[in-house]
Amino acid sequence: MELTQDNPDLSAYLCADEAIDHRHPLVRETAARLARDAEDSYAYAALAFAFVRDAITHSQDAGDPRVTWRASDVLAQGTGICHAKAHALAALLRAEDIPTALCYQRLAHDDGEGHAVHGLVAVRFGGAWHRQDPRGNKPGVDARFSLDGERLAFRPDRAAGEWDYPRLLAAPHPAVLDALRSAPDRARLWRSLPTAL
């Protein structure tokens with residue numbers, strides 16, 4: 001699959017917005033702490049990925065009812081679904097001037113009842129985009145940071161109505177952001193996430 005930038009201006013993938021609030025003090029402090037242990041931007045990106053994947057719980061896996069969507073809130077509360085974790089990783093990477101896009105997959109629910117849009121990111125290194133999935137590992141899910149081939153949490157099954165979206169967005173998709181903002185808890189968020197984009 002060929003990934004395509006929604007915006008031809010690469011600087012758009014460094015911008016802050018309401019969800020990817022990388023100018024927030026907590027985001028800046030977290031980025032600075034992670035950067036102390038990184039010898040270069042590649043190492044920093046891998047550290048930021050591992051931090052979001054492992055230190056921020058996936059609220060569905062953890063049974064946490066809270067809904068987060070703004071990167072600073074995800075870091076402060078330590079939880080979020082895939083979209084929230086993607087916003088947090090994008091903010092941490094952009095805070096260190098690493099172009100980062102938001103991207104999506106359409107996946108079947110674990111129980112086989114319907115579909116939902118899954119969120120991940122893509123980072124720009126060496127003139128190419130590389131998708132990364134910080135949702136958090138669990139039995140059957142082993143996502144890893146990689147610039148040498150994708151190590152994502154999920155591989156879509158076309159026969160099950162799943163697929164990858166090739167668009168690389170500079171800001172969260174409005175339908176995803178609307179669902180996150182309006183859900184009073186994770187259970188209702190799960191029912192309101194878009195099934196396709």
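Thresholds, definitions, all that
- Here, residues in each chain are numbered from 1, in the same order as that chain's written sequence.
- Local features in a predicted model are, by the rule used here, given only for residues with pLDDT of at least 70; side-chain atom pairs are given and counted only at 80 or more, and totals for whole chains, interfaces and linings are based on all residues.
- To obtain the side-chain values, all non-hydrogen atoms of the structure were used and water was disregarded.
- Think of a 1 Å grid over just the protein atoms. A cavity is a set of points where a 1.4 Å probe fits yet cannot get out, a pocket is an open set with protein on both sides within 12 Å along at least five of seven lines, and lining residues have an atom within 4 Å of a point.
- Grid points are joined across faces, edges and corners, and a volume is the space filled by probe spheres set on the points.
- Each residue gets one of three labels, nonpolar for Ala, Val, Leu, Ile, Met, Phe, Trp, Tyr, Cys and Pro, charged for Asp, Glu, Lys and Arg, and polar for the others, Gly among them.
- Here the aromatic set is Phe, Tyr and Trp, taking the six-membered ring for Trp, and pairing holds for ring centres within 6.5 Å; pairs whose planes are under 30 degrees apart are stacked, those over 60 apart are edge-to-face, and all others are tilted.
- Helix and strand labels come from DSSP, where a helix needs a run of H or I of at least four residues and a strand needs a run of E of at least two; each type is numbered from the N terminus.
- Relative accessibility thresholds used throughout: buried, under 20% of the residue-type maximum; exposed, over 50%; partly exposed, between the two (1.4 Å probe, protein chains only).
- Two limits define a charge over a ring: the Lys NZ or Arg CZ must be within 6 Å of the ring centre, and within 35 degrees of the ring normal.
- Think of each axis as a best-fit line through the C-alpha atoms, taken over the contacting stretch in the case of a helix, with angles from 0 to 180 degrees between the N-to-C directions.
- The labels follow the angle: roughly parallel below 35 degrees, roughly antiparallel above 145, roughly perpendicular from 65 to 115, and oblique for the rest.
- By convention the crossing between two helices is left-handed if the near helix lies anticlockwise of the far one by an angle smaller than a right angle, and right-handed if it lies clockwise.
- Should any heavy atoms of two residues lie within 4.5 Å, those residues are considered in contact.

Caption draft 1: Molecular detail of empty space enclosed by the protein. Taken as a whole and judged by the stated rule, the model has one cavity of 30 Å³ or more. The computed volume of the largest cavity comes to approximately 30 Å³. Lining the largest cavity, in full, are Ser59, Arg66, Val67, Thr68, Gly80, Ile81, Arg186 and Leu189. Considering only residue class, the lining of the largest cavity consists of three nonpolar, three polar and two charged.

Caption draft 2: Structural view of the packing of aromatic side chains. This model, assessed by the stated rule, comprises four aromatic pairs. The interplanar angle of 50° and the centroid separation of 5.9 Å between the aromatic rings of Phe49 and Phe145 together place this pair among those described as tilted. Highlighted residues: Phe49 in helix α2 (residues 41–55) and Phe145 in the loop between β6 (128–132) and β7 (163–164), separated in sequence by 96 residues. By relative accessible area, which is 22% here, Phe145 ends up partly exposed. The interplanar angle of 75° and the centroid separation of 6.2 Å between the aromatic rings of Trp163 and Tyr165 together place this pair among those described as edge-to-face. Here Trp163 falls in the partly exposed class, since its relative accessible area comes to 26%. It is Arg181 that lies over the ring of Trp69; its NZ or CZ is 5.2 Å from the centre.

Caption draft 3: The packing of helix α1 (residues 25–35) against α2, seen in detail. Contact geometry for α1 and α2: axes closest at 9 Å, N-to-C directions at 120°. When the axis of α1 is compared with that of α2, the two are oblique. The two elements α1 and α2 meet at a crossing, and its hand is right-handed. Between α1 and α2, the residues in contact are Thr30, Ala31, Arg33, Leu34 and Ala35 and Tyr44, Leu47, Ala48 and Phe51, respectively.

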